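Chains, contacts and geometry: an overview
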Amino acid sequence: MPETYSLVEATLKVIQDRRSIREYSPEQVSDQDLDMILEAARQAPSGENAQPWRYVVVKDPATRKKLGALAGGASGRRFTAEFVTNKMQERFASLEDEAKKKAAFEKLTSGQVSAFLADAPVSIVVVGRKDVWDLPYDTSAAIENILLMVTALDLGACWVIAPCIDIRDEERLKDLLNLPEGIKAVSIISIGHPTRPHRPRPRLPIKEIVFRETWGDPYYKDEA
Amino acid sequence: MKPNTVSLEYSNALMYELEKAFYDERGKGARFRTTTVGREFFNSKCLPILKSGEIDHIITTVRSLLQEEGIAADVTYTGEDRLLRVRVERCLHRPVEDSMLAHGIEPFTCLPANLIVLAIEEKLDRPVELAEIKLAEGACQLLLVIFEKRPSLD
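1. Observations regarding the pattern of salt bridges
All names here are of chain A.
- Under the counting rule described, the total for this entry stands at 25 salt bridges over all chains.
- With a shortest N-O distance of 3.4 Å, R77 and D166 are connected by a salt bridge. Here the residue R77 occupies a position in helix α3 (residues 61-84), and D166 occupies one in the loop between α8 (162-165) and α9 (167-177), the gap between them amounting to 89 residues.
- Accessibility expressed as a relative area gives 6% for R77, which makes it buried.

Okay, here's the thing in structure tokens:
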């Protein structure tokens, strides 16, 4: 018997079930699934309905390999800089398991946290027109739509920003994909079939993040 | 109005306001969008006089250029493994960094650092990351990390 959900329940479930998936089986993403994902992206909201987003679907293994190299290099640089200044150690101070901490440092400083792009069956490079007001917000909304549809299709995805963050990497990415000057590379979304289930990452308690009317007064009060 | 001259105070105040506005929009990520600031200056003034990819030659060349242009009084460095610690004395853009710090923002961009990074990337094809800018009395202490060769995308 399949589980049944109301629309509200199904929506929340998709949102809560989304994970950042970095390991994929060799199975390809079907064209039908990709069509659904891209249609979800197309339906995102945008300021003035400008729809500045454009998408480059990358399946070619040689290009994927280059995306992985670019992303891994970018992440490796960024996280190594954080490590050598001890900021990463401060960020992970509450993690008591030394083996886990070491593994996390290695994953981040080696760039492996993003280099996995090379092994994703398909990546959607999200880019946007610069001649609009709200490019970062519009494209982010589209990306969330992509991630939710991926989850609904029982696929896995990861939102990778590494090769788009530093202007030096973005320039190389633009050269690689032949993106014109008026277009900004925003993010890469890798998509594939997950190799295993993933646990949810922790979220801050809701009473810590919501305020009533003005900053500082908790919206959710402790029970009396 | 004097032709072709503006005060340093005016220029630095504008630079500070631009950096602050950018930081307010992009937060800590702003640093990654300013890594090529100074590239035109580098291409026109620095690149033509870079003769080799030796780190010592690169720093010496950048130091001479900054001194000749009246941008900084001195640039010295020490290296250990892949870390490069650079000290920039009396940079004329220092008031920008002071203003950032006074407003609780860690300085995130530095022209001398960018020149060194651009030079190493150009001559050695090795990526470099500016990890830290620390302000000392009369000088800025930069920490750079030099990585192995960049992967080819050709």
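2. Regarding the confidence of the model for chain B
Residue and element names in this part refer to chain B.
- On average, residues of chain B score 95 in pLDDT, and 95% of them reach the 70 mark or higher.
- When the elements of chain B are averaged for pLDDT, strand β1 (residues 74-80) gives the smallest value, 96, and helix α2 (residues 39-46) the largest, 98.
- Scoring of the predicted complex yields 0.93 for pTM and 0.92 for ipTM.

3. Observations concerning the nonpolar core
Residue and element names in this part refer to chain B.
- Membership of the largest hydrophobic core comes to 31 residues, with the highest contact counts inside it found for L84, V86, I116, L142 and L144.
- Secondary-structure elements contributing two or more residues to this core are α2, α3 (55-68), β2 (83-89), α5 (111-124), β3 (128-136) and β4 (139-146).
- Among the elements that make up this core, the one with the highest residue count is α5 (eight residues).
- Sequence-distant contacts of V86, that is, excluding residues within four places in its chain, are made with I59, V75, T76, Y77, I116, C140, Q141, L142 and L144.

4. Points about a nonpolar patch on the surface
- Residues A:L204, A:I206, A:I209, A:Y219 and A:Y220 make up a contiguous nonpolar surface patch of roughly 510 Å² in combined accessible area.
- Within the secondary structure, A:I206 is located in helix α10 (residues 206-209).

5. A word on the side chain of A:S75
Residues and elements named next belong to chain A.
- By the secondary structure assignment, S75 is in helix α3.
- Here the side chain of S75 touches S114 through a polar contact of 2.5 Å, side chain to side chain.
- In contact with S75, other than residues within four places in its own chain, are L108, G111, V113, S114 and A162.

6. Describing the pairing of β1(B)
- Across seven bridges, the pairing between β1(B) and β2(B) is antiparallel. Its bridge partner lying in β2(B), B:T78 is registered against B:R85.

7. Topic: α3(B)
Residues and elements named next belong to chain B.
- Compared with an ideal rise of 1.5 Å per residue, which puts 14 residues at 20 Å, α3 spans 20 Å between its outermost C-alpha atoms and is within 8% of the ideal.
- Residues of α3 that are buried: I58, I59, T61, V62, L65 and L66. Seen from one end, α3 has its buried residues packed into an arc of 160°, which puts them on one side.
- Contacts from the buried residues of α3 go to α2, β1, β2 and α5.
- A positive phi of about 70° marks G70, the residue just after α3.

What counts, and at which threshold
- Counting restarts for each chain, with residues numbered from 1 along the sequence as it is written.
- The order in which chains are written sets their letters, starting at A; the order in which ligands are written sets their numbers, starting at 1.
- Where local features are concerned, this predicted model is filtered to residues with pLDDT of at least 70; where side-chain atom pairs are given and counted, the filter is 80 or more; whole-chain, interface and lining totals use all residues.
- Heavy atoms from the whole structure form the basis of all side-chain values; hydrogens and water molecules are not counted.
- Each salt bridge in this description consists of a side-chain nitrogen of Lys or Arg and a carboxyl oxygen of Asp or Glu lying within 4 Å of one another.
- The helix count covers DSSP runs of H or I at least four residues long, the strand count covers runs of E at least two residues long, and both are numbered beginning at the N terminus.
- Only protein chains enter the accessibility calculation, which uses a 1.4 Å probe; a residue whose area is less than 20% of its type maximum is buried, one above 50% is exposed, and one in between is partly exposed.
- What pLDDT expresses is the predictor's confidence in each residue, scored from 0 to 100.
- We call a set of buried residues a nonpolar core when its members are Ala, Val, Leu, Ile, Met, Phe, Trp, Tyr or Cys and they connect through side-chain atoms within 4.5 Å of each other.
- Contact between two residues is taken to exist if any of their heavy atoms lie within 4.5 Å; hydrogens are not considered.
- What makes a patch is a set of residues exposed beyond 30% relative accessible area and free of salt bridges, joined within 9 Å when like-charged and within 5 Å when nonpolar (Val, Leu, Ile, Met, Phe, Trp, Tyr).
- Surface accessibility follows the Shrake-Rupley procedure with a 1.4 Å probe radius. Residue values consider only the protein chains on display as shielding.
- Between N or O atoms, a polar contact is any pair within 3.5 Å; within protein, one atom must be a potential hydrogen donor and the other a potential acceptor, and residues adjacent in sequence are included only when both atoms are from side chains.
- The criterion for strand pairing is that DSSP finds at least two bridges linking the strands in question.
- What a helix should span is 1.5 Å times the count of its residues minus one.
- When we speak of the arc, we mean the arc of directions from the helix axis to the C-beta atoms.

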